[in-house]
Structure formats: C-alpha cells, structure tokens
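What follows is the residue order along each chain.
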Amino acid sequence: MRCPKCEGSLKSLQVDGTEVDRCDACSGIWFDKRELVDVLPGAAAANLETGQDTEGHDQKRGKCPKDGTRLMRVNSARNHTVTLDTCRVCQGIWLDAGEFETLREASPTTPFIDLI
Ligand SMILES: [Zn+2]
Ligand SMILES: [Zn+2]
C-alpha cells in the first residue's frame, strides 16, 4: 500500500500480535479499523518508535491507502494536540510519526470515547 502522506510504501509490522502498516519513508503508521484500540492499551510497543513528525505531514490531508477516500482530520479524544487522519469508509486511522507515542503517553484513564 502507498503512504497517504508521502511517496513511501507501507510495510507490515507486528505489534503485540496485531499487524499494522508503517511507512518506510516517513514512519507514519496505518491502523485498520479497531487496530489502534487493540494496540494502544498494552502498548509495550517499544519497536514502534517512530521519531519526529516529518515537517508539514500533520497538516497534509492524505488519501486512505486502502480505498483512496480522502482522510478526515480529527482531534484525538485522548490528547487534543494529536490530529488523527481517519477514513470514513473503512474507519482506518493514520498516525503521523511521533503521534503514536503521544497517544500512548496520554492518561490511560481518559476513555476512548468518540474520536472527535
Ligand atoms: Zn510516508
Ligand atoms: Zn479507507
């Protein structure tokens, strides 16, 4: 699959038994529907270090790597400084580099209510 934000390609990666897709160029990560919810609570995902966001990627609206739908930008309920890119068709979620760590470090008592 193609990265929604750059020309890189997505490579599958196992995180706690869940397969996610990470861009080999910008280190952003694609989660299929519910995968992010599955992965975040455990989050012993030391192998998911994604480093710094590539400048400008967070502001960029990409297309879903699965169905080409334009991704919607919504603020995470866990941490409002994080902007998630979500697909309204397949409900996948794209996190730019560094955003996974920010979400993981957000208070675990914050419930995963609606993302918006
Ligand atoms: Zn990329
Ligand atoms: Zn989609």
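Residues numbered from 1 in each chain as written. Chains lettered and ligands numbered in written order. Predicted model: local features only at pLDDT ≥ 70, side-chain atom pairs only at ≥ 80, totals over all residues. Heavy atoms only, no water.

Six octahedrally arranged donors around a metal ideally form angles of 90 or 180 degrees; four tetrahedrally arranged donors ideally form angles of 109.5 degrees. Taken together, the protein ligands of the zinc ion (ligand 1) are Cys3 (SG), Cys6 (SG), Cys23 (SG) and Cys26 (SG), with distances of 2.3 to 2.4 Å. Viewed at the metal, the four donor atoms of the zinc ion (ligand 1) are separated by angles of 104 to 121°, and the geometry they form is tetrahedral. All donors to the zinc ion (ligand 1) come from one chain, and their sequence spacing reads C-x2-C-x16-C-x2-C. Separated by 20 residues along the polypeptide, Cys6 in the segment before β1 (10-15) and Cys26 in the loop between β2 (18-23) and β3 (29-31) bring together distant segments of the chain. (Donors = N, O, S within 2.8 Å, 3.2 Å for Na, K, Ca; no water. Tetrahedral: all angles 85-135°; square planar, octahedral: opposite > 155°, others 65-115°. Helix = DSSP H or I, 4+ residues; strand = E, 2+ residues; numbered from the N terminus.)

The biggest cluster of nonpolar side chains holds 15 residues, and the ones touching the most others in it are Val20, Phe31, Leu36, Leu84, Leu95, Phe100 and Leu103. Mapped by element, the contributors of at least two residues to this core are β1, β3, α1 (35-42), β6 (93-95) and α2 (99-105). It is α1 that contributes the most residues to this core, three residues altogether. In this structure, Cys3, Cys23, Cys64 and Cys87 belong to the second largest nonpolar core, which totals ten residues. (Core = buried A, V, L, I, M, F, W, Y, C linked by side-chain atoms within 4.5 Å. Buried < 20%, exposed > 50% of the residue type's maximum accessible area, 1.4 Å probe, protein only.)

Moving on, we come to the coordination of the zinc ion (ligand 2). Bound to the zinc ion (ligand 2) are the protein donor atoms Cys64 (SG), Asp67 (OD), Asp67 (OD), Cys87 (SG) and Cys90 (SG), situated 2.2 to 2.7 Å from the metal. All donor residues of the zinc ion (ligand 2) come from one chain, and their arrangement in sequence is C-x2-D-x19-C-x2-C. Of this pair, Cys64 sits in the loop between α1 and β4 (72-75) while Cys87 sits in the loop between β5 (83-86) and β6; the two residues are 23 residues apart in sequence, bridging distant segments of the chain. Residue classification places Cys64 among the buried residues on the basis of a relative accessible area of 4%. We classify Cys87 as buried; its relative accessible area is 2%.

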